[in-house]
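# Working through the structure, step by step
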Amino acid sequence: MDMEVSRSWRDPELWVKALPSVILQTTCFLAPLVMTFVLTFQKTQNFQLNWTWNLATWTDVFSKPHYWTILGHTLVMAVACVAVCIVIALPIAYGLATRFKRLDSEIKVLITFAFITDATLKTFGWVLFLDKKGAANYLLMQMGFPPETVAFLFTDWATLLGMVYNLLPFAIFTIYLSIDNIDRSLILAAYDAGAGKFRAFWEVTLPLSRPGIWAGSVLIFLLGVGVFLEPKVLGGGKSPMSAELIRQTFETRVNWPLGAALTLVLMAVAIFVVLLFSRVAGMRKAGQ
């Protein structure tokens, strides 16, 4: 086996077939990443990029706790979004794969339609709904609640609501695919062994659906750390997240080296968190 693998790597035909893919990935991913890294060692002066090699940008990043506070807030919001999305998506996906199997096509079309609707439109729709004079407070007033009961617009709760609403379909579909691929005979065997519906779900369905839960969690986390529309619109910019800070650094402050450095820090921390969670999940699985 090892000799076959070694021989395959020496095969010129294999290299010729892989060359287009290597060139494409290098051009579209590695080259911009390298340029972003090089940009962090430059300076901007009078809104112009000055190509002078120095460590001033990295010194600025590591010496000011403000950037790390925003990064910590970003990670907390992303993790909270993952937790809420999984809790909501799991019963929905389970219902689509079992109870509502006959209607799963229609329901998936509705979810997909809500998913492909423009995120800006949906986010500003929540602003109108949660406004002090919006539909939410109007409905609560009709139910006898005090005026302006819903007052969490322009807070982290509103930001989290927008993130969950926009990213929830990713969790629903990944978990649904995982549950739908479970061999039904395994669940029937659990019933035959005397397990109830809850125990069969807990000991058979849930463990076998972990790949979908894991895939959805990673996807939502990586997308969550990169959101900037929700904290700006629903959060009112009061508690900015890293992506919004990076956008402001590039566009408003025109400080490209600092924006590039903050981008690399966010990427590195996000990848580290994913790898750490993957390592912990792998160790837990091996222990079982």
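Read on for a plain summary of the structure. (Residues numbered from 1 in each chain as written. Predicted model: local features only at pLDDT ≥ 70, side-chain atom pairs only at ≥ 80, totals over all residues. Heavy atoms only, no water.)

## As for the packing of helix α6 (residues 119-130) against helix α7 (residues 135-142)
The contact between α6 and α7 brings their axes to 5 Å, and the two run at 35°. Contacts from L128, F129 and L130 in α6 reach A135, A136 and N137 in α7. (Axes fitted to C-alpha atoms, helices over the stretch in contact; angles between N-to-C directions. Helix = DSSP H or I, 4+ residues; strand = E, 2+ residues; numbered from the N terminus. Contact = heavy atoms within 4.5 Å.)

## Some thoughts on unusual backbone geometry
Despite not being glycine, F154 has its phi angle at roughly 65°, a positive value. Secondary-structure assignment places F154 in the loop between α7 and α8 (156-180). Despite not being glycine, V254 has its phi angle at roughly 50°, a positive value.

## As for the environment of Q48
As for its position among the elements, Q48 is in strand β2 (residues 48-50). Expressed as a C-alpha distance, the spacing of Q48 and W15, which sit 33 residues apart in the sequence, is 43 Å.

## Describing the state of the cysteines
In the structure shown here, the tally under the stated rule is zero disulfides. Looking at the unpaired C85, the closest cysteine sulfur is the one in C81, lying at 3.9 Å. (Disulfide = S-S within 2.5 Å.)

## Notes on the packing of aromatic side chains
A complete count under the given rule lists nine aromatic pairs for this structure. For the ring pair W126 and Y165, a centre distance of 5.5 Å and an interplane angle of 80° mean the geometry is edge-to-face. Within this pair, whereas W126 is found in helix α6, its partner Y165 is found in helix α8, the two being separated by 39 residues in sequence. Taken together, the aromatic side chains of F37, F41 and W53 make up a single cluster linked through ring pairs. (Phe/Tyr/Trp six-rings, centres within 6.5 Å; stacked < 30°, edge-to-face > 60°.)

## A short note on a nonpolar patch on the surface
On the surface, V87, I88 and I92 cluster together into a nonpolar patch covering about 240 Å² of accessible area. Along the chain, V87 turns up in helix α4 (residues 65-97). (Patch = residues over 30% accessible without salt bridge, like charges linked within 9 Å, V, L, I, M, F, W, Y side chains within 5 Å. Areas by Shrake-Rupley, 256 points an atom, 1.4 Å probe, with all protein chains shown as cover. Salt bridge = Lys/Arg side-chain N within 4 Å of Asp/Glu carboxyl O.)

## Thoughts on α8
Side chains of residues three or four places apart in an α-helix project in the same direction, reflecting 3.6 residues per turn. Given a rise of 1.5 Å per residue, 25 residues ought to cover 36 Å, and the 35 Å separating the end C-alpha atoms of α8 matches this to within 8%. Along α8, the sharpest change in direction is near 45° and occurs at L167; proline P169 comes one to four residues later. (Expected span 1.5 Å × (residues − 1). Bend = angle between axes of the 7 residues up to and from the residue.)

Fair warning: the whole summary comes from geometry, so function is off the table for now.
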